[in-house]
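# A closer look at the structure
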Amino acid sequence: MSEARPGPPLALSAHAPPAEPPPGRLCPDVVDLSGLNSGGRPPGPRTPRRPVELYLAEVGRQDRLALRRAQELLDADERARAGAFHRPRDRDAYVVAHATLRGVLSLLLGVPADALPLVREPCAGCGGPHGRPALRTRGVHFSLSHSGDLVMVALAPTPVGVDVEGLATAQAVLGAQSALHAAEAAELARLPAHERPAAFTRTWVRKEAYLKGLGTGLVRDPALDYVGTGPRPAAPAPEWTLRDVLVPAGYAAAVALRTE
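Now for a look at the structure at hand. Computed from a prediction, not measured in an experiment: that's the story for all the values here. (Residues numbered from 1 in each chain as written. Predicted model: local features only at pLDDT ≥ 70, side-chain atom pairs only at ≥ 80, totals over all residues. Heavy atoms only, no water.)

Okay, the sheet that holds strand β7 (residues 150-156) next. Strand order across the open sheet formed by four strands is β2-β3-β7-β6, with mixed pairing between neighbours. Each having just a single partner strand, β2 (29-30) and β6 (141-147) make up the two edges of the open sheet. (Pairing = 2+ DSSP bridges. Helix = DSSP H or I, 4+ residues; strand = E, 2+ residues; numbered from the N terminus.)

Now the structure itself:
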């Protein structure tokens, strides 16, 4: 993957983070949902920019107008799911996540956000009709992740997975050793205790991104694949590329992309 950020935003009233990404990390476009509009047909379609497009939305930065516009982009099922959350913060995070996804896909495909050709893939665990969302459109792949205050969306012309997570606690690190590859567990054990939460979190988002890209999620044992705990990820398979993503302090993120 290229070191550069993936180009200008998709007319989403987005702005780029002011700093250049550290070497080896990709930098997402930051989405301001107040720039989204549910009315009319958006421009497009166009081809996803190679190798990957990354978008970041911060839930806490969206004002009430942005949240209202975001909710207008959801379909009836998503609005019902949003209404089922008891905590307003959880509801807002769900709305922002799914509106961001629909917004960027709408502008990519030139289709109104509420008319996107979305389908559900079979569940990787049981085969039921409640797997991850996908597009009927050929040549467009996407992945969605949200954690705490952050939402990330990845778009690519080949299978892609993205994951963002808040920094793990020391207790969580101790309880998740079985999810690590043996070499990763050994690497983590050699680190000072205060460095382990950050190292574990960047390892975990790399694993999740890869498993999302495969389409298996955690149905596949995350301990099977080595992605590394160090500052640069290791490719888990020859046909896959893993990269860390620049996100605000207190979080880690990664994207996995299948090469052609």
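A few words now on the packing of aromatic side chains. Here the structure, examined in full by the defined rule, presents three aromatic pairs. Judged by centre distance (5.6 Å) and plane angle (45°), the ring pair of Phe85 and Tyr94 falls under tilted. Given a relative accessible area of 32%, Phe85 falls into the partly exposed group. On the accessibility criterion, Tyr94 (9% relative accessible area) is buried. (Phe/Tyr/Trp six-rings, centres within 6.5 Å; stacked < 30°, edge-to-face > 60°. Buried < 20%, exposed > 50% of the residue type's maximum accessible area, 1.4 Å probe, protein only.)

Looking now at the packing of helix α2 (residues 76-83) against helix α3 (residues 88-109). Closest axis-to-axis distance for the α2/α3 pair is 8 Å, and the angle between their directions is 160°. Considering the angle they form, α2 stands roughly antiparallel to α3. On α3, the residues touching Glu78, Arg81 and Ala82 of α2 are Arg91, Tyr94, Val95, His98 and Arg102. Its residues placed into classes, the contact of α2 with α3 shows three nonpolar, one polar and four charged. (Axes fitted to C-alpha atoms, helices over the stretch in contact; angles between N-to-C directions. Parallel < 35°, antiparallel > 145°, perpendicular 65-115°, else oblique. Contact = heavy atoms within 4.5 Å. Nonpolar A, V, L, I, M, F, W, Y, C, P; charged D, E, K, R; others polar.)

This brings us to the packing of helix α1 (residues 64-72) against α3. Helix packing geometry: the angle between the two helix axes and the distance between the axes. As a packed pair, α1 and α3 sit with axes 9 Å apart at the nearest point and diverge in direction by 60°. As summarised for this structure, α1 and α3 are arranged oblique, according to the angle between their axes. With respect to the hand of their crossing, α1 and α3 are arranged in left-handed fashion. Packed against α1, whose contacting residues are Arg64, Leu67, Ala70 and Gln71, the element α3 presents Asp92, Val95, Val96 and Ala99 at the interface. Of the residues assigned to the contact of α1 with α3, the class counts are five nonpolar, one polar and two charged. (Left-handed = near helix turned anticlockwise from the far one by under 90°.)

On to the pairing of strand β9 (residues 240-245), then. In terms of burial, β9 is a largely internal element, five of the six residues being buried. Pairing analysis gives two bridges linking strand β1 (residues 25-26) to β9, with the strands arranged parallel. Counterpart to Leu26 in the pairing with β9 is Val245. The pairing of β9 with strand β10 (residues 251-258) spans six bridges and is antiparallel. Bridging across to β10, Asp244 finds its partner in Ala254. Taking the residues that link successive antiparallel strands as the turn, the β9-β10 hairpin has five residues, and the phi of Gly250 there is positive, at about 95°.

Counted under the stated rule, the structure contains 14 salt bridges. Residues Asp75 and Arg102 are paired through a salt bridge, measuring 2.9 Å at the closest nitrogen-oxygen approach. Here the residue Asp75 occupies a position in the loop between α1 and α2, and Arg102 occupies one in helix α3, the gap between them amounting to 27 residues. When the shortest N-O distance is used, the salt bridge between Asp77 and Arg81 registers 3.2 Å. Here the residue Asp77 and the residue Arg81 both occupy positions in helix α2, the gap between them amounting to four residues, near one helical turn. The network of salt bridges with shared partners includes Arg46, Arg49 and Glu53. (Salt bridge = Lys/Arg side-chain N within 4 Å of Asp/Glu carboxyl O.)

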